[in-house]
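Chain by chain, the residues run as shown.
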Amino acid sequence: VERFSEKMYELPVRFINVPHGVSIKPFPEKIEVLCKGSLTDLKKITDTDFDLICDYNKIDSTSTFVKTEIKNKPNKIEVIKINDDNFQVLIRKK
């Protein structure tokens, strides 16, 4: 029998499919992700074990809010909630 717990991670968002000459500034820069798993597994995990992404091609040009998704996560961990999975971005064209 193993003890289960929850842990909050602050993860940076990685933007994919961003065209050349475009820069993106997210607000906030990190998103909180609540995870559940065994106490042993949660102690071994770091922020770098996750890959939180936002696809530039899915950004609605009429809104400043974008959605994120978790591309990779540790196998034994369940993601319960992504806080602020709709967050704001500033898009600049150079």
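About the cut-offs
- Residues numbered from 1 in each chain as written.
- Predicted model: local features only at pLDDT ≥ 70, side-chain atom pairs only at ≥ 80, totals over all residues.
- Heavy atoms only, no water.
- Salt bridge = Lys/Arg side-chain N within 4 Å of Asp/Glu carboxyl O.
- Helix = DSSP H or I, 4+ residues; strand = E, 2+ residues; numbered from the N terminus.
- Buried < 20%, exposed > 50% of the residue type's maximum accessible area, 1.4 Å probe, protein only.
- Pairing = 2+ DSSP bridges.
- Axes fitted to C-alpha atoms, helices over the stretch in contact; angles between N-to-C directions.

Enquirer: Honestly, the pattern of salt bridges in this entry has me stumped. Any pointers?
Expert: Pairs can form between side chains of opposite charge once their charged atoms are near each other. Evaluation of the coordinates by the stated rule reveals three salt bridges. The shortest N-O distance in the salt bridge between glutamate 69 and lysine 58 comes to 3.8 Å. Of this pair, glutamate 69 sits in strand E6 (residues 69-72) while lysine 58 sits in the loop between strand E4 (51-55) and strand E5 (65-67); the two residues are eleven residues apart in sequence, bridging distant segments of the chain. Here lysine 58 falls in the exposed class, since its relative accessible area comes to 63%.

Enquirer: Sorry if this is basic, but what is going on with the pairing of strand E8 (residues 86-93) here?
Expert: When a strand is regular, its side chains alternate between the sheet's two faces. Relative to E8, strand E2 (residues 22-27) is paired through six bridges, and the arrangement is antiparallel. Note that in E8 the partner of serine 23 across the bridge is arginine 92.

Enquirer: Hey, could you run me through unusual backbone geometry in this one?
Expert: At the junction of phenylalanine 27 and proline 28, the peptide bond is cis and its omega measures out at 0 degrees in the coordinates. Along the chain, proline 28 falls in the loop between E2 and strand E3 (30-38). One non-glycine residue, asparagine 17, adopts positive backbone phi at about 60 degrees. Positionally, asparagine 17 belongs in the loop between strand E1 (4-16) and E2.

Enquirer: What's the story with the sheet that holds E4 in this structure? I'm lost.
Expert: Here we have five strands laid out as an open sheet, ordered E6-E4-E1-E3-E7, and mixed in their pairing. The open sheet terminates on both sides in strands that have one partner only, identified here as E6 and strand E7 (78-82). Taking the axes of each pair of neighbouring strands and ignoring which way they run, one obtains an average angle of 40 degrees across the sheet. Where E1 meets E4, four bridges bridge the pair, whose relative direction is parallel. Directly across from phenylalanine 15, in E4, lies its bridge partner cysteine 54.

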